[in-house]
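Each chain, letter by letter, is given below.
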Amino acid sequence: MAEARARGLKRAVVAWREEFGPLPRPDGAADYGRVRETTALAYDGGTILRHHATGESADRRAMAQALAEAGLAVESRCRNLTGDIGSRPS
């Protein structure tokens with residue numbers, strides 16, 4: 001948040017995924033389970049800041065709230081492969 005304010009960024013997108021799907025493993029194989037990831041992108045005038053979180057730290061609502069409290073206009077975008085579950089509690 002401090003970096004976004006220091007750079008004068010005004011907008012952010014919170015792109016999130018919360019669904020069941022393949023989970024990559026270090027050995028290149030994949031397990032099937034709950035995928036939870038959130039990426040925040042703040043941008044303006046050619047500057048882009050990116051923050052990616054997975055697992056329990058990927059709280060999209062908290063991330064969007066923190067960005068809004070920092071003074072950024074926030075847009076939320078679902079990146080689920082199976083559709084938007086935004087109306088369901090997480």
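Remember, predicted model here, so these are calculated numbers, not experimental data.

**Quick word on the overall build of the protein chain**
Looking only at helices and strands, one finds two helices and four strands in the protein chain. Traced from its N-terminal end to its C-terminal end, the protein chain shows the element sequence α-β-β-β-α-β. Along the first, second and third principal axes, the C-alpha set of the protein chain runs to 40 × 30 × 20 Å. Considering only contacts in the protein chain between residues 6 or more positions apart, those separated by 24 or more positions represent 55%.

**What about the pairing of strand S1 (residues 11-24)?**
Remember that side chains alternate between the two faces of the sheet whenever the strand is regular. Bridge count between S1 and strand S2 (residues 30-44): 14 bridges; the pairing is antiparallel. Bridged to glutamate 19 within S2 is valine 35. If you look at the hairpin formed by S1 and S2, you'll find five residues sitting between the two strands, and glycine 28 has a positive phi there, around 95°. Both S1 and strand S4 (residues 73-78) contribute to a ladder of six bridges, which runs parallel. Residue pairing for S4: alanine 12 is matched across the bridge by valine 74.

**Regarding the pairing of S2**
Examined bridge by bridge, S2 and strand S3 (residues 47-54) share eight bridges and lie antiparallel to one another. Across the sheet, the residue bridging to threonine 38 is alanine 53, located in S3. The antiparallel hairpin formed by S2 and S3 contains two residues in its connecting segment, where glycine 45 sits at a positive phi of about 55°.

**Some words on the confidence of the model for the protein chain**
In low-pLDDT regions, the fine details of the predicted coordinates are not to be read closely. Of the residues in the protein chain, 91% have a pLDDT of 70 or more, and the chain-wide mean is 84. Mean pLDDT values over the elements of the protein chain span from 80, in helix H1 (residues 2-6), up to 94, in S4.

**Concerning the pattern of salt bridges**
Side chains bearing opposite charge may pair, as long as their charged atoms lie close to each other. Applying the stated criterion across every chain, the model contains nine salt bridges. Between arginine 36 and glutamate 18 there is a salt bridge, and its shortest N-O distance comes to 3.8 Å. One end of the pair, arginine 36, is in strand S2; the other, glutamate 18, is in strand S1, with 18 residues separating them in the sequence. Grouping residues by exposure puts arginine 36 and glutamate 18 together as buried. Salt-bridge contacts for glutamate 75 lead to arginine 77; the nearest nitrogen and oxygen are separated by 2.9 Å. Since its relative accessible area comes to 38%, glutamate 75 is described here as partly exposed.

**Considering the side chain of glutamate 18**
Here glutamate 18 falls in the buried class, since its relative accessible area comes to 6%. A polar contact of 3.2 Å, which involves the side chain of glutamate 18, links it to the side chain of arginine 60.

Scoring rules and cut-offs
Residues numbered from 1 in each chain as written. Predicted model: local features only at pLDDT ≥ 70, side-chain atom pairs only at ≥ 80, totals over all residues. Heavy atoms only, no water. Helix = DSSP H or I, 4+ residues; strand = E, 2+ residues; numbered from the N terminus. Contact = heavy atoms within 4.5 Å. Pairing = 2+ DSSP bridges. pLDDT = per-residue confidence, 0-100. Salt bridge = Lys/Arg side-chain N within 4 Å of Asp/Glu carboxyl O. Buried < 20%, exposed > 50% of the residue type's maximum accessible area, 1.4 Å probe, protein only. Polar contact = N/O pair within 3.5 Å; in protein donor to acceptor, adjacent residues only side chain to side chain.

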